[in-house]
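Coordinates in review
What follows is each chain in one-letter form.
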Amino acid sequence: MAKVVAIANQKGGVGKTTTAVNLAASLAVAEQRTLLIDGDPQGNASSGIGLERGAHQKTVYDVLIGAASFDDIIKQAVQFKHLAVAPATADLAAAEVELVDQPEREQAMRHALAAVRDRYDYILIDCPPSLGLLTINMLAAADTLLIPVQCEYYALEGLSQLLNTVRLVQRSLNESLSLEGVLLTMYDARLNLSRQVASDAREYFGNQVFETVIPRNIRLAEAPSFGKPIILYDVASIGAQSYVSVARELIARNSPGTHTQPTEHGERPGSEQPGAQPIDPGEAPLSDHAPELADSSASE
Ligand code: ATP
Ligand code: MG
């Protein structure tokens, strides 16, 4: 049965799609049966993995409104034998409006996914930069949430809002949703600001932060315009190696009998548990970090 991972952060441009595409590719290369679902009307995951824009008869939109099944829309063996893709186009924006009148409108994704879950090891869902009905549907369908955090100004601001949404979803739609991890993206080791964001994230989230950090790497930014995941565009790049390393961590976290090692950044309660962590139900005063981060940038 697949592990369903929603890749979400309502903040725009933090590396959700780059992570969805390249993590999916790295998992497929590691012979994990992987389904990449494009859950964003921008359709960037679909084009970034190499599907031609406008070439799809039916898409995630049709699935959500009940006019198609995943079997009708999934493209098999995209770039790799083990990678399947469910594409999206701008149409998907309409689903947000059309779903409003449907019964169980938040569960459309979950119900549709049930039919194909057992065919994959991992299902990754690229979410749009909002906390609207589309993202709620993706969270309701997911086992875990992976949050890309850009090592930039105000990176942690807004995460408390995301975590509050997650708690609402847990309470009313999907009790078992947990946190897969926080992935630091676009890290620049030369910048105090990047180091500060990374250290704040590790202080707050402990070993829920992936040990692998994705550096800022121009090859990662170039690859989508060639319709290729980084592992096909430039396998030797630091960007490619980083996503391979994240895939390895994800697989290790989810292998039965594997135990999450406490990091030097401190052990969290429950850190001896393998796999995903429960989302801390306590208050999350993350927005309080933002002014500190802004201040720390003044020394750049
Ligand atoms: P949106 O919220 O619009 O969906 P997103 O969170 O999916 O955005 P991406 O599209 O993955 O973010 O990344 C935003 C931009 O940053 C893109 O142009 C992408 O190519 C670039 N980018 C992402 N990760 C990196 C990286 N590690 N190094 C350099 N550029 C990157
Ligand atoms: Mg995106």
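Residues numbered from 1 in each chain as written. Chains lettered and ligands numbered in written order. Predicted model: local features only at pLDDT ≥ 70, side-chain atom pairs only at ≥ 80, totals over all residues.

**Brief notes about the overall build of the protein**
If you tally the helices and strands in the protein, you get 13 helices and six strands. Expressed as a percentage of its 300 residues, the buried residues of the protein come to 48%. Sequence-distant contacts, at least 24 apart, represent 78% of the contacts inside the protein between residues at least 6 apart. (Helix = DSSP H or I, 4+ residues; strand = E, 2+ residues; numbered from the N terminus. Buried ≥ 20, exposed ≤ 12 C-beta atoms within 10 Å, placed from the backbone. Contact = placed C-beta atoms within 7 Å.)

**Examining the site of ligand 1**
Ligand 1 sits among 20 residues. The nearest are Gly12, Lys16, Thr17, Thr18 and Pro129. Of all the secondary structure elements, the ones that give two or more residues to the shell around ligand 1 are helix 1 (16-29) and helix 10 (218-222). Partitioned by chemical class, the residues of the shell around ligand 1 number seven nonpolar, ten polar and three charged. (Near = placed C-beta within 6 Å. Nonpolar A, V, L, I, M, F, W, Y, C, P; charged D, E, K, R; others polar.)

**Points about the pairing of strand 1 (residues 3-7)**
A regular strand places its side chains so that they alternate between the two faces of the sheet. Burial within strand 1 is extensive, with five of its five residues counted as buried. Of the two faces of strand 1, the one lined by Lys3, Val5 and Ile7 and the one lined by Val4 and Ala6 are each fully buried. Two elements, strand 1 and strand 4 (residues 122-126), share five bridges in a ladder whose sense is parallel. Its bridge partner being in strand 4, Ala6 is matched across the sheet by Ile125. In terms of strand pairing, strand 1 meets strand 5 (residues 144-150) through three bridges, oriented parallel. Each bridged residue has a counterpart across the sheet, and for Ala6 the counterpart in strand 5 is Leu145. (Pairing = 2+ DSSP bridges.)

**Considerations on the pairing of strand 6 (residues 178-185)**
Where burial is concerned, most of strand 6 is hidden: six out of the eight residues are buried. Relative to strand 6, strand 5 runs parallel, the two sharing seven bridges. The residue of strand 6 that forms the bridge with Thr144 is Ser178. Handedness of the crossover is the feature at issue here: the chain leaves strand 5, passes through helix 8 (residues 159-172), returns alongside strand 6, and the resulting connection is right-handed. (Right-handed = clockwise from strand over helix to strand, strands pointing away.)

**Re helix 1**
Spanning 14 residues, helix 1 covers 20 Å between terminal C-alpha atoms, matching the ideal 20 Å at 1.5 Å per step. With its phi angle positive at about 65 degrees, Glu31 sits one or two positions after the end of helix 1. (Expected span 1.5 Å × (residues − 1).)

**Digging into the sheet that holds strand 4**
Across a sheet, paired strands are connected by hydrogen bonds in the backbone, their directions being either parallel or antiparallel. The strand order across the open sheet formed by six strands is 3-2-4-1-5-6, and the pairing between neighbours is parallel. Both edges of this open sheet fall to strand 3 (83-86) and strand 6, since each of them pairs with a single strand only. Across this sheet, the average inter-strand angle for adjacent strands is 20 degrees, counted without regard to direction. By the bridge criterion, four bridges tie strand 2 (residues 34-38) to strand 3 in an arrangement that is parallel. (Axes fitted to C-alpha atoms, helices over the stretch in contact; angles between N-to-C directions.)

**Comments concerning unusual backbone geometry**
Most of the time, phi is negative for any residue but glycine, and the peptide bond is trans. A positive phi angle, near 45 degrees, is found at Ala77, a position not held by glycine. Structurally, Ala77 is set in the loop between helix 4 (70-73) and strand 3.

**What about the confidence of the model for the protein?**
Chain-level pLDDT for the protein is 88 on average; 85% of the residues reach the 70-or-more range. Low pLDDT, under 50, characterises residues 259-274; the predicted model gives this stretch 23 contacts beyond four residues in sequence or across chains. Considering only residues more than four positions removed or in separate chains, one finds that residues 281-300, a stretch of pLDDT under 50, has 33 contacts. (pLDDT = per-residue confidence, 0-100.)

**Structural notes on the nonpolar core**
Ala6, Ala24, Leu36, Leu124, Met138, Leu139 and Ala142 are the most contacted members of the largest nonpolar core, which has 88 residues in total. A total of eight residues in this core trace back to one element, the largest contributor, which is helix 1. Not counting the four nearest positions on each side in its chain, Ala24 is found in contact with Thr34, Leu36, Leu83 and Leu124. (Core = buried A, V, L, I, M, F, W, Y, C linked by C-beta atoms within 7 Å.)

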